[in-house]
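Residue-level structural notes
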Amino acid sequence: MPELPEVEVSRMGITPHVLNQVVTKVNIHNGSMRWPVPDDVYQLTGLTVTGVERRAKYLLLHCALGSTILHLGMSGNLRVVSANEPLKKHDHIEFIFANGKALRLNDPRRFGCCLWQAPGSVHKLLAKLGPEPLTDEFFAKQVYQQSRNKKVPVKQFIMNNAIVVGVGNIYANESLFKAGIDPRREAGKVSLKSFEALIPIIKDTLAAAITQGGTTLKDFAQSDGKPGYFAQQLLVYGRKGQPCLVCKSELQEVRLGQRSTVFCGKCQK
DNA sequence: CGGTCTACCTGAAAGC
DNA sequence: TGCTTTCAGGTAGACC
């Protein structure tokens, strides 16, 4: 499940192969993604990719006539392969470049998307996003102020894209454990001090995963052309019923907002 | 408006 | 063994 670090590592991985390259062909093998893939995407044909950007978990391929927006959803990945390589099952969208390479979006569950953004405009999906977690725009005092009087559990609060982007279920679980905060606690009742602990932990956790992914990336176009998921050292996620690595008590699981939430009842208050 | 719930989708895992 | 059911999860949009 690509979280922000995987998307960032994908960005780093594809950039050397697509930046300043001319797109010779766009193939939409299955345009039935989360939203129908618009024909606008064909406008890339014949144009040069002038930038590869990440915003939240979206990737943008910029060119003179607009930007292609890609999202990997739950199960998506990008590969750079030789254009004559046979398609794999679930290779839905393909950009072929003058250098003989193909960028392919593979997504079994099709929760991802491929959309188009006109130049000078911001797509509706990107317009209401909160700050990037790794920038100074995301800081404890602001989060604290936004959380006042909010009854939603703090875990759901930090997973809200309007507060901060790119914190998915795994990182929310892990960060709250490291910060010693009970994920069920009302956001409005979390102290400034707790947010001052949590926010740097979120940043460090994401940054460490990106570093780790970048380190193991080597060359995106070699081997199978996609980054492996980084074997994260997960402290709580997926460890329901197992002992807390700090205090040995049994980790509990509850569902918050239909999402699996694992925590230590003793370490997290 | 705030909060909650649902839909979208396939494959792996669990249940029978 | 093989069929059926459940679960996983990002996020917009419907709903109350």
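Presented here is a report on the structure given in the accompanying data block. Remember, it's a predicted structure, so these values are computed and weren't measured experimentally. (Residues numbered from 1 in each chain as written. Chains lettered and ligands numbered in written order. Predicted model: local features only at pLDDT ≥ 70, side-chain atom pairs only at ≥ 80, totals over all residues. Heavy atoms only, no water.)

Some words on the overall build of chain A
Applicable threshold: Numbering of helices and strands runs from the N terminus, with a helix taken as a DSSP run of H or I at least four residues long and a strand as a DSSP run of E at least two residues long. Note that the radius of gyration is over C-alpha atoms, with the globule rule given as 2.2 Å times the number of residues to the power 0.38. Relative accessibility decides the category of a residue: with a 1.4 Å probe and only protein chains considered, values under 20% of the type maximum give buried, values over 50% give exposed, and everything between is partly exposed. Between two residues, a contact is recorded if the distance between any of their heavy atoms is within 4.5 Å. Accessible surface area values rest on a Shrake-Rupley calculation with a 1.4 Å probe, where residue burial reflects the displayed protein chains alone.
Helix and strand content of chain A: six helices and 10 strands. By the compact-globule yardstick of 18 Å for 269 residues, chain A fits well, its C-alpha radius of gyration being 20 Å. Dimensions along the principal axes, computed over C-alpha positions, put chain A at roughly 60 × 35 × 30 Å. With 269 residues in all, chain A has 51% of them scored as buried. Sequence separation of at least 24 residues holds for 66% of the intrachain contacts in chain A that already meet a minimum separation of 6. Accessible surface computed for chain A: about 12,600 Å², of which carbon and sulfur atoms make up 52%.

Considerations on the protein's contact with DNA strand C
Selection rule: Note on definitions. A residue lies near a molecule or strand when any single heavy atom of the residue is within 4 Å of it. Between N or O atoms, a polar contact is any pair within 3.5 Å; within protein, one atom must be a potential hydrogen donor and the other a potential acceptor, and residues adjacent in sequence are included only when both atoms are from side chains.
Taken together, 18 residues lie around DNA strand C, and R34, H71, R109, Y237 and R259 are the ones closest in. Near the protein, meaning within 4 Å, the atoms of DNA strand C are sugar or phosphate in a fraction of 59%, with bases accounting for the rest. One of the side-chain N or O atoms of K124 is found 3.4 Å from a phosphate oxygen in DNA strand C. One of the side-chain nitrogen or oxygen atoms of R255 is found 3.0 Å away from a phosphate oxygen of DNA strand C. Elements with a minimum of two residues in the surface near DNA strand C: α2 (124-127) and β10 (259-263).

Observations concerning the sheet that holds strand β1 (residues 23-28)
Note the cut-off: Strands are labelled as partners when DSSP assigns at least two bridges between them. Comment: axis = line fitted to C-alpha atoms, over the contacting stretch for helices; angle = value between 0 and 180 degrees taken between N-to-C directions.
Within the open sheet, the four strands sit side by side as β1-β6-β7-β5. Their pairing is antiparallel. Each edge of the sheet is formed by a strand with only one pairing partner; in this case those strands are β1 and β5 (77-82). Ignoring which end each strand starts from, the neighbouring axes of this sheet average 20 degrees apart. Alignment of β1 against strand β6 (residues 91-97), held across five bridges, turns out to be antiparallel. Residue V23 lies in a different strand from β6, and its bridge partner there is F97.

Describing the nonpolar core
Going by this rule: In this text, buried Ala, Val, Leu, Ile, Met, Phe, Trp, Tyr and Cys residues form a nonpolar core when linked through side-chain atoms within 4.5 Å.
I14, L70, L78, F95 and L103 are the most contacted members of the largest nonpolar core, which has 27 residues in total. Taken together, the elements giving at least two residues each to this core come down to α1 (4-18), β1, β3 (58-63), β5, β6, β7 (101-106) and β8 (113-117). F157, I163, L176 and L198 belong to the second-largest nonpolar core, a separate cluster that totals 23 residues.

Examining the side chain of R104
Along the chain, the position of R104 falls in strand β7. A polar side-chain atom of R104 sits 2.8 Å from the main-chain carbonyl oxygen of E85. Sequence-distant contacts of R104, that is, excluding residues within four places in its chain, are made with N77, L78, R79, V81, S82, A83, E85, P86, L87, D91, I93 and E94.

Examining the protein's contact with DNA strand B
Every residue close to DNA strand B is listed here: K89, H90, P108, R109, R110, F111, K150, K151 and Q258. Each atom of DNA strand B within 4 Å of the protein belongs either to a base or to sugar and phosphate, the latter forming 61%. H90 places a polar side-chain atom, nitrogen or oxygen, 2.7 Å from a phosphate oxygen of DNA strand B. At a separation of 3.0 Å, a base oxygen of DNA strand B approaches a polar side-chain atom of R109.

Read these as layout, nothing more, since geometry by itself doesn't imply function.
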